[in-house]
Amino acid sequence: MNFRLLKKHGKVYIQFEKQQEKLAKILWARPLTGRWKEISIVDEKKKEIIFLDSLNSIPTESRQIAKDELIRNYFLPKIIKVFETKSHRSCRYWHVETEKGPRKFLMKNPNRDFLCISQDNIILRDHIGNCYEIVSFRKLDRSSKNAINKII
Amino acid sequence: MNYKAYGLQKEQVIFFQASDLNINKEYQTTYLILTREHLIVGEQHKTLQVSLKNIESIKIEELFAHSCLVAVTNEKEIPLVYYSRAYVSEFAEFKKAFNRFLATNVWQIKQIFSLYCPKCQTPLLDRKIKCSQCLKKTHIFLRLLALTKPYKGKIVCLILATVFTVAAQMGPPYISKLIIDNCISGTNVNLLHFYILLMLGCGILLLLSKLVSSCLTSWLSARLAADLRAQLHYVLQRVQMRFYHHRESGEIIGRVMNDTGQLQRFLINGVPYLLVNSLSFVAIAIILISIDYQLALLVCLPVPFLIGGGRWFWNRLVPLFHKSNTRISALYSLLNESIYGVKVVKSFSLEKRRNKQFKTDNEKFFSIRCQINYTFAGFNETMFWIMSLGVTAVWLFGTERIVAGDPSLTLGDLLAFIGYIWLFYGPLQWFTSIMNSSTNAFASAERIFSILDEEQETYKVEDNTYLPKVQGEICFRDVRFSYDKGQEVIKGISFHIMPGEMIGLVGKSGAGKSTIMNLICHLYKIDSGQVIIDGNDLQQINIEQLRQSLGIVPQESFLFNSSIFENIRCSRPQASFQDVVRAAKAANAHDFIVNKENGYDTLIGEKGSRLSGGEKQRIAIARAILHDPPILIFDEATSSVDSQTEKSIQEAIANLVKGRTTIAIAHRLATLRHASRLFVIDDGKIVEKGSHEELIKTQGRYASLVKAQEENNQLRSKTNFIRG
């Protein structure tokens, strides 16, 4: 790839060979189902500059900038324990421990907001759009699994 | 917040806002504190302090599932605080108030309700809804009671009928005791007929009082539910459009139908149950104690198990019910998609995949239903067994005492006891379920009240200006507007449209064209600036009159599921058939209408499903013509039709716009060439203004749009030529 990513004053720029650098935003094409896979780099006006199948195809320095930027832009805390779940009316109430600390949230529609990415990997979405990830359902402790099975 | 932890005195602080994330994006309360000199970010152990002198403005950076408030200084941008979606509204308001504060040095901020219960920190469904876990039932009960005020006569009758029901239920076991003790074991056989008459009397009283109370409860509950539904419908028609923005139609319909239904079911089943059984419970307890207090104590032994067991089972059953609802709704939506999308399913040979998916979901539903049924069966049998333990104990100790010749207990007493026990235990096993359903009913009532309390459009305010006749002069002065807090879609737009002018709004999708239309219709309140109609501020104009002065033809016209005639006439209900025909002719719709088998009586189906896109649009135009408004709004009225139909619709529009202020949005720029002026909108701002010729001359944004479209048309015609 004949471009490089640069970081100046906290902002990311893209520069193609001998061209002027442009402000860029780095996005996952599939933030829920395909993280660390396809990447889209867009300009200030949200127009795609380049689409990458993987970050591996770009030089190390640019790759690191892209990785840091993706980590900054996306917030998907991993659930490590489920303390309690409750059904009330058609809502599911969750009290969980994430890698970022404890959290209580409400899920409105489990059919839509409990996304099984694979047999083991699950994404949960609360009623206001915050997302949480269960990296491996199998690796959760017994009481967490029971709490999930109680309501889902 | 502990001010001292950040070296501050309370009086120094102008405002503070909590966030749920710290700078490392960990869940930790972080405060953004505003003082006269600084903006301070206070985390547990560290603080960041930025002098107000250095801040030019603050902005919000939208990130995935969270946001960042950024201070813009002359040198760089400083990330101040991260927050999850739970604090979006709070920080949007903060941003607005802070930037205003920088300009005017006056601090003023709108109060935002938290998305978490202040008491128990449970997340709330809606900012304005009270926490269902901390719900004060008395408050809701009193509000529900207030709804019954017009029917107080019936309520009094219901209470009397309940008292008679309880009295009639208490009679037979006691009369049995008298028959056994006096007529069978004793010598006074003459009293038998009297007792039998008493028993029959009790039966008749029970029948009548139950009939009366059932009829009254059914009537009252249905009446209250109907009243609530009507009130909800009334309010839903008058709430501000913003209310509908983040709510799914299913959710709102659910509140109108399900919540009122839930309340009705509780009023039919729960309230009489609670009334009758609470009274019976007290009455039976008194009777049992008066007959024999020792046996009465025995009867009470299984009570804790009945209540505890009921509670345990219901706690298990409730999540199962919810799971079952989720599964069945998944099945519904799959079925719905399969039916509505049958063409797509067939054309892409998706039948096997869809069948497999349906089978999987169906099996999941089956397994939940089995679990529910097994739990129910276990519940009923266990409860019956616990009750029979009490009965067995009474039989055992009662019989022993009679056989031992205890004079304080007769055979009649024992049999009366057995009779009362079943009346006593029966309601207990369902007590938890009733408490549960009362909680749900109160939550439903709370949700209903939250809609009824929703802010409504002010249709008739005393100082509303009633314009003698709307001329159609429209003026925007530095109008700003956002649908979602913090995301401005109209960014300071100003223009002046004279009566009778035709204005074309041009720009790419999402630029803000339709939003301008919505603001003219006063469907939303603007954030700042002024919208002026005929020299009067829109906020001061009577909404009803304003809307009567507007004729709107949207991109996809909504038609009601009734006849063509009714659909055209709905814009002027007093119009005659001849008026409707004239409007249909002007809209080039008359010919296709009369050619239909049922002419103007043709039923158009749900959302006009029995008509083509062009036909629907022409009916919408006929509706607008019949309405005869001074201001006309076309929002992509011809975008979904073929060229031939478009020509026909354009002719209809040309008939309609004469002498009226017209604002039109169209992607096909050729249709706007005759507009008096064109406004080119980009990213919520007007970037160019002028007539078609003027804008072409300036070679700006509009000229490039026209050029791109002409090239596109040429390419299309070449392709069509090649295809033959």
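Definitions and limits used
- Residues numbered from 1 in each chain as written.
- Chains lettered and ligands numbered in written order.
- Predicted model: local features only at pLDDT ≥ 70, side-chain atom pairs only at ≥ 80, totals over all residues.
- Heavy atoms only, no water.
- Helix = DSSP H or I, 4+ residues; strand = E, 2+ residues; numbered from the N terminus.
- Rg over C-alpha atoms; globule rule 2.2 N^0.38 Å.
- Buried < 20%, exposed > 50% of the residue type's maximum accessible area, 1.4 Å probe, protein only.
- Contact = heavy atoms within 4.5 Å.
- Areas by Shrake-Rupley, 256 points an atom, 1.4 Å probe, with all protein chains shown as cover.
- Disulfide = S-S within 2.5 Å.
- Buried area = accessible area lost by both parts, 1.4 Å probe.
- Salt bridge = Lys/Arg side-chain N within 4 Å of Asp/Glu carboxyl O.
- Polar contact = N/O pair within 3.5 Å; in protein donor to acceptor, adjacent residues only side chain to side chain.
- Phe/Tyr/Trp six-rings, centres within 6.5 Å; stacked < 30°, edge-to-face > 60°.
- Lys NZ or Arg CZ within 6 Å of the ring centre and 35° of its normal.

J.: A description of the overall build of chain A should follow, citing residues and the corresponding values.
T.: On a plain count of helices and strands, chain A comes out with 3 helices and 12 strands. In terms of overall size, chain A is more extended than a compact globule, its C-alpha atoms giving a radius of gyration of 19 Å where 152 residues would be expected to give roughly 15 Å. Referenced to the eigenvectors of the C-alpha coordinate spread, the extents of chain A come out at roughly 60 × 30 × 25 Å. Across the 152 residues in chain A, those meeting the buried criterion constitute 48%. Within chain A, contacts between residues separated by at least 24 positions form 35% of all contacts whose residues are at least 6 apart in sequence. In the form shown here, chain A has an accessible surface area of approximately 8200 Å², with 49% of it arising from carbon and sulfur atoms.

J.: Quick one: what's the story with the state of the cysteines, residue by residue and with numbers?
T.: All names here are of chain B. Per the stated rule, a full pass over the model turns up 0 disulfides over all chains. With no disulfide of its own, Cys-202 lies closest to Cys-183 among cysteine sulfurs, the gap being 15 Å. Among the residues examined, Cys-202 registers a relative accessible area of 13% and is labelled buried. Just so you know, Cys-475 is unpaired, no disulfide at all, and the nearest cysteine sulfur is the one on Cys-521, 17 Å from it.

J.: Can you lay out the interface of chain B and chain A for me, pointing to particular residues and giving the numbers?
T.: How big an interface is tends to be stated in terms of accessible area lost as the parts join. Taken together, the 44 residues of chain B in the interface contact 41 residues of chain A. Interface of chain B and chain A: buried area, both sides summed, is about 3600 Å²; carbon and sulfur atoms make up 50% of it. Applying the counting criterion to the chain B and chain A interface returns 3 salt bridges. Here Arg103(A) ties to Asp20(B) by a salt bridge, and the two come within 3.1 Å at their closest N and O atoms. At the junction of chain B and chain A, the tally comes to 18 residue pairs in polar contact (both at pLDDT 80 or more). Elements with a contribution of two residues or more to the side of chain B that touches chain A: strand S1 (13–21), strand S5 (55–63), strand S7 (77–84), helix H6 (249–291), helix H8 (303–340) and helix H11 (411–452) of chain B. The biggest single contributor to the side of chain B that touches chain A is H8(B), with 8 residues.

J.: Explain the packing of aromatic side chains residue by residue, including any values.
T.: Where two aromatic rings form a pair, the distance of their centres and the angle of their planes describe that pair. All names here are of chain B. Tallied over the entire structure, the rule returns 32 aromatic pairs over all chains. Seen from their ring centres, Phe-194 and Tyr-195 are 6.0 Å apart, and the 50° between their planes marks the pair as tilted. Given a relative accessible area of 46%, Phe-194 falls into the partly exposed group. A relative accessible area of 6% means that Tyr-195 is categorised as buried. Aromatic ring contacts, followed pair by pair, group Phe-15, Phe-94, Phe-98, Phe-101 and Trp-107 into a single cluster. The aromatic ring of Tyr-82 is capped on one face by Lys-25, whose charged end is 4.9 Å from the ring centroid. Lying across the ring of Phe-449, Arg-143 places its NZ or CZ 4.1 Å from the centre.

J.: With reference to specific residues and values, describe the pattern of salt bridges.
T.: This model, assessed by the stated rule, comprises 29 salt bridges over all chains. The salt bridge involving Lys59(B) is made with Glu77(B); its shortest N-O contact spans 3.0 Å. Taken together, the residues span a long stretch of sequence, with Lys59(B) in strand S5 and Glu77(B) in strand S7 at a distance of 18 residues. Judged by relative accessible area, Glu77(B) falls into the partly exposed class, the value being 27%. Between Arg401(B) and Asp292(B) there is a salt bridge, and its shortest N-O distance comes to 2.5 Å. Residue Arg401(B) is located in helix H10 (residues 351–403), and its partner Asp292(B) is located in the loop between H6 and helix H7 (293–300); the two are separated by 109 residues in the primary sequence. Overall, the relative accessible area of 15% leaves Arg401(B) in the buried class. Among the charged side chains, a salt-bridge network with shared partners connects Lys11(A), Lys59(B) and Glu77(B).

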